[in-house]
Amino acid sequence: MSLSTSLLSEDQFTCSICLDVFNNPVSTPCGHSFCQVCICSYWDSNGNKACQCPLCKESFRKRPELHINRTLKEITEQFQRMAEAGLDVGGGLGGGGSDLRPPVPPRPGEMPVSVIAEMKNRFQRPATSRTPPPVSYPHPSTPQHTLPPPTSPGVAQPSQRRFTLSGPADSTPDVPLCPAHLRGLDLFCRTDQTCVCATCVETEHQSHMILPAKREWQIKKSQLGITEVELRDLITERERKVEEIKTCLQDIQVCAERETQGTVHVFTSLVASVQRCQAELLQLVETARRAAHHHGQALLRELEQDISELKKKSSALTQLGQTDDCVLFLRTFPTIANPLQTRDWSDANVTSELSSGLVLRTVNQMVERFQEELRRLPEICGSVAPAGLQPPTDQAVSRHNPKVRKVQEYAADVTLDLATAHPRLLISEDRKQVRCSDQYQPVQDGPQRFNRVVCVLGQPGFSSGRHYWEVEVGGKTDWDVGVASSSINRKGKITVSPAHGYWFLSLRDRTDYAFRTEPSTALGLTTRPGRLGVFVDYEKGQVSFYDVEAKLLIYTYTDRFSDTIHPFFSPCTNKSGCNEAPLVICPVSLPD
């Protein structure tokens, strides 16, 4: 390969990291080229940070695979051979060359070509060494008259390639002096993480990884920017959590007001002897609200303190990034850049039993069955029941009817999806009834069909709005009724919980009612519902279950839906005929 010497210059074959001629050049995806060892060392110094190009600062999400640019390597080797043969690669032949163009003056801060050639002659790496050793670099601003004397023949050369400059003029007035040698601290030892002078490199820092101090300063400043971005993300996350907790506190306040108003509304219909029970129940609501408020305020204070510390650290990093004193920067950077040991706030939340409506639900049940429930009220609510109360009036019983009518107005026409039914399930022709048999049905297996758990999904699916349907559970001993996400696992063993896309109520062994969480939430129902109402509010993420015949709310669970949800049914196994009755989807009728 032949190159025109008039087209070659030292800059075209110089690595911008080590400021030397390319050795095994590689190219990054952005098009810039560096020595293979230099760019790998540069990225290794960043630790787990994103890989960046040292020139254009383009970031790569994944560390690129680097391959030697063989064309550039061949051109570089030919450039070196031309330089060794006496050619002036900067613009013609070294011995009076044929290029008549005037010599190009060196750019500001750049050493003349003659000095570069002299340095290459003095510090030429052995021809037999193919693996580049650890490198040390001079400060770019070192004057050319400070080069060291040539090495005497027969003196062993150090194993490293190192530019060792001597003389009192090797540092600029802005660079602090080494207290031991009174030389400029314009080099940085990565091994010991300290600024050193050229004499230090030749003495106690031999075989260490040496870089120009300003180059290390630029690398650390790029790391500083990444750290600042991470701190801003932490601050944003915590500020978002503050807003979330404030919203939770507002919702709990609304729930507390609703519980209080409902309780007062029910108790105003009773005689004066109930007032003591009313006051105690209100006290329970207030205590729960205060407990939630106290917990929320404590979290807010801790979050605000965390944000304050992060902002202080961010401010310190900003000030450090504006300093021009590279020694002070490098001394201070490790202390300031260390990440704070902060708490993980992802699971922090404020919850309260008030959100479930436990108090108001209990009071309504007392009004429905006053004589029976009054004796159990102290055990449930922790209060002492007064004696001599009269049964409730019909007007008090009918106060819950508007709420039942409200959810029934969202009645949906739900049917069973045959493609999802377990092979042991028998579904009626109108797809309104399902029961479990002892034998497998001749159905074709598919990705939507449950193959181990005897359950089936309903149609249609819901991705917005409010919907309500009713299921006749009759005298069954076991059943599951609720909703499930369309993305649930349907093959093999299934884990049922809201985290896995299941929200349903279950009955086991005739009396064990529970909502399937991890662990299950037991429901102490005193009566067995014969018909179950299911109400879904997609936007609020609420699933509610009603005893239709008693007109009572059984349980409400609040979550966040991110996928289409479907009605979910499981008649469970028939248990040798004890549980063979079907689950029946019933038409919804509005009360008069």
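Residues numbered from 1 in each chain as written. Predicted model: local features only at pLDDT ≥ 70, side-chain atom pairs only at ≥ 80, totals over all residues. Heavy atoms only, no water.

**Brief notes about the overall build of the protein**
We apply this condition: Only DSSP runs of H or I reaching four residues or more are called helices, and only runs of E reaching two or more are called strands; each is numbered from the N terminus. A contact between two residues is defined here by any heavy atoms of the two lying within 4.5 Å. Per-residue accessibility takes into account occlusion by the displayed protein chains alone, with areas from the Shrake-Rupley method and a 1.4 Å probe.
Scanning the protein for helices and strands turns up 12 helices and 25 strands. Pairs at least 24 apart in sequence give 65% of the contacts found in the protein among residues at least 6 apart. Accessible surface for the protein amounts to roughly 31400 Å². Of this, 51% is attributable to carbon and sulfur atoms.

**Digging into the nonpolar core**
The criterion, for reference: Take the buried Ala, Val, Leu, Ile, Met, Phe, Trp, Tyr and Cys residues and link them wherever side-chain atoms come within 4.5 Å; each set so joined is a nonpolar core. For each residue, the accessible area found with a 1.4 Å probe, counting protein chains only, is set against the maximum for its type, and the residue is called buried under 20%, exposed over 50%, and partly exposed in between.
Core analysis: the largest hydrophobic core is formed by 49 residues, its most contacted members being Cys195, Val196, Ile245, Phe329, Phe333, Val350 and Leu354. Among the elements of the structure, strand 9 (187–189), strand 10 (194–196), helix 4 (198–202), helix 5 (213–267), helix 6 (275–321), helix 7 (326–337) and helix 8 (358–368) are those that each provide at least two residues to this core. With 13 residues, the top contributor of residues to this core is helix 5. Core analysis: the second largest hydrophobic core is formed by 35 residues, Trp479, Leu523, Val534 and Phe561 among them.

**Notes on the pattern of salt bridges**
Put simply, the rule reads: When a carboxyl oxygen of Asp or Glu lies within 4 Å of a side-chain nitrogen of Lys or Arg, that pair is called a salt bridge.
Within this structure, the stated rule accounts for 17 salt bridges. In this structure, glutamate 237 engages arginine 238 in a salt bridge whose closest nitrogen and oxygen atoms are separated by 3.9 Å. Relative accessible area serves as the criterion here: at 3%, arginine 238 is assigned to the buried category. With its nearest N and O atoms 3.3 Å apart, the salt bridge here joins glutamate 472 to arginine 531. With glutamate 472 in strand 16 (residues 466–472) and arginine 531 in strand 21 (residues 531–537), this residue pair connects regions lying 59 residues apart in the sequence. You can call arginine 531 partly exposed: its relative accessible area is 23%. Look at the salt bridges and you will find they share partners, linking Arg190, Glu216 and Lys220 into a network.

**Observations regarding the sheet that holds strand 18 (residues 502–508)**
Selection rule: At least two bridges found by DSSP between two strands is the condition for calling them paired.
Taken together, the 7 strands give an open sheet; going across it, the order is 12-15-24-17-18-19-20, and neighbouring strands pair in antiparallel fashion. Single-partner strands in this sheet number two, and they are strand 12 (415–416) and strand 20 (521–523). With 2 bridges joining them, strand 15 (residues 456–459) and strand 24 (residues 565–570) adopt antiparallel strand pairing. Bridging across to strand 24, leucine 457 finds its partner in phenylalanine 568.

**Some words on the pairing of strand 24**
With 6 of 6 residues buried, strand 24 lies mostly within the body of the structure. For strand 17 (residues 479–485) and strand 24, the ladder comprises 6 bridges, and the chain directions are antiparallel. Of the residues in strand 24, the one forming a bridge with valine 481 is phenylalanine 569.

**Some details on unusual backbone geometry**
Backbone torsion omega between glutamine 459 and proline 460 reads 0°, so that peptide bond is classified as cis. Phi at asparagine 24 is positive, roughly 55°, even though this residue is not glycine. Within the secondary structure, asparagine 24 is located in the segment before strand 1 (25–27). With a relative accessible area of 17%, asparagine 24 lands in the buried category. With phi around 65°, lysine 57 is a residue other than glycine that occupies positive phi space. Here lysine 57 shows up in the loop between strand 3 (51–52) and strand 4 (59–60).

**Topic: the environment of valine 363**
Looking at the secondary structure, you find valine 363 in helix 8. For the pair valine 363 and threonine 263, spaced 100 residues apart in the sequence, the C-alpha separation amounts to 6.9 Å.

**A look at the sheet that holds strand 9**
Inclusion rule: Every axis corresponds to a line fitted to the C-alpha atoms, with the helix fit spanning only the stretch in contact, and the corresponding angles, defined between N-to-C directions, vary from 0 to 180 degrees.
Pairing is antiparallel across the open sheet formed by 3 strands, whose spatial order is 10-9-11. Here the strands that pair on one side only, and so sit at the sheet edges, are strand 10 and strand 11 (210–212). Mean inter-strand twist for the sheet, computed between neighbouring axes without regard to direction, equals 40°. With 3 bridges connecting them, strand 9 and strand 11 associate as antiparallel partners. If you follow phenylalanine 188 over to strand 11, its bridge partner there is leucine 211.

**Digging into the environment of lysine 62**
Turning to its location among the elements, lysine 62 is positioned in the loop between strand 4 and helix 2 (70–84). The exposed category is assigned to lysine 62, whose relative accessible area is 70%. Separated by 12 residues in sequence, lysine 62 and alanine 50 have C-alpha atoms that sit 7.5 Å apart.

**Comments concerning the state of the cysteines**
Stated formally: In what follows, a disulfide is any cysteine sulfur pair within 2.5 Å.
Taken as a whole and judged by the stated rule, the model has 0 disulfides. Free of any disulfide, cysteine 35 has its nearest cysteine sulfur in cysteine 18, 3.8 Å distant.

**Considering the pairing of strand 16**
The element strand 16 is largely enclosed, with a buried count of 5 among its 7 residues. One ladder, built from 7 bridges, connects strand 16 with strand 21; its direction is antiparallel. Paired with tryptophan 469 across the strands is valine 534, a residue of strand 21. In terms of strand pairing, strand 16 meets strand 25 (residues 583–586) through 3 bridges, oriented antiparallel. Bridge assignment links glutamate 472 to a residue of strand 25, and that residue is valine 584.

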